[in-house]
Amino acid sequence: LPGIAQLAMVFDLIQGALDAPARVVEVSRVRFKQMILPGDRLRVWAEPRPGRDGAYTFRITKQEEVVCSGTMIVKKEV
């Protein structure tokens, strides 16, 4: 699965939680640790970073192993 598709899954999760249109401002500290193959079952996690408005740490796991992690900053569209 291409890296951009993995980041899109993270953004979709965050935007859904915000329940409002948003845009990505920055992506940092991204680590792609394993390949994601067709049929892999994934879990996508994102949680707000305390003290940083709009910043979320994220990780994608398969079978409890981290395949991708990083930080994404989003801004709600007005």
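No experiment lies behind these values; they were computed from the predicted model shown.

K.L.:
Before we go on, may I ask you to explain the overall build of the protein chain in this structure?
P.N.:
When helices and strands are tallied, the protein chain shows one helix and four strands. Taken from the N to the C terminus, the helices and strands of the protein chain come in the order α-β-β-β-β. By the burial criterion, 28% of the 78 residues in the protein chain qualify as buried. Sequence-distant contacts, at least 24 apart, represent 54% of the contacts inside the protein chain between residues at least 6 apart. For the protein chain, the exposed surface amounts to about 5,400 Å²; the carbon and sulfur share of it is 52%. Where the 12 positive side-chain charges of the protein chain centre and where its 9 negative ones centre are 5 Å apart.

K.L.:
Just to check I follow, could you spell out the pattern of salt bridges for this structure?
P.N.:
Opposite charge on two side chains permits pairing when their charged atoms draw close. Considering all chains together, one arrives at two salt bridges under this definition. As a salt-bridge pair, R23 and E77 come within 2.9 Å of each other at their nearest N and O atoms. Of the two residues, R23 is situated in strand β1 (residues 22-32) and E77 in the segment after β4 (65-76); the sequence distance between them amounts to 54 residues. Using a relative accessible area of 40% as the deciding quantity, one classes R23 as partly exposed.

K.L.:
What is the right way to read the sheet that holds strand β3 (residues 55-62) from this model?
P.N.:
Across the sheet, four strands lie side by side as β1-β4-β3-β2; this open sheet has antiparallel pairing. With one partner strand each, in any of the chains shown, β1 and β2 (43-48) form the two edges of the open sheet. Neighbour to neighbour, the strand axes of the sheet diverge by 25° on average, direction disregarded. One ladder, built from eight bridges, connects β3 with β4; its direction is antiparallel. Bridge pairing links Y56 to M72 in β4.

K.L.:
Would you take a moment to explain the confidence of the model for the protein chain for this structure?
P.N.:
Caution applies to low-pLDDT parts of the model: their predicted coordinates are not meant to be read in detail. With 100% of its residues at a pLDDT of 70 or more, the protein chain shows a mean pLDDT of 95. Ranking the elements of the protein chain by mean pLDDT puts helix α1 (residues 3-18) last, at 96, and β3 first, at 98.

Definitions and cut-offs
- Residues numbered from 1 in each chain as written.
- Predicted model: local features only at pLDDT ≥ 70, side-chain atom pairs only at ≥ 80, totals over all residues.
- Heavy atoms only, no water.
- Helix = DSSP H or I, 4+ residues; strand = E, 2+ residues; numbered from the N terminus.
- Buried < 20%, exposed > 50% of the residue type's maximum accessible area, 1.4 Å probe, protein only.
- Contact = heavy atoms within 4.5 Å.
- Areas by Shrake-Rupley, 256 points an atom, 1.4 Å probe, with all protein chains shown as cover.
- Lys, Arg positive; Asp, Glu negative; His and termini not counted.
- Charge placed at Lys NZ, Arg CZ, Asp CG, Glu CD.
- Salt bridge = Lys/Arg side-chain N within 4 Å of Asp/Glu carboxyl O.
- Pairing = 2+ DSSP bridges.
- Axes fitted to C-alpha atoms, helices over the stretch in contact; angles between N-to-C directions.
- pLDDT = per-residue confidence, 0-100.

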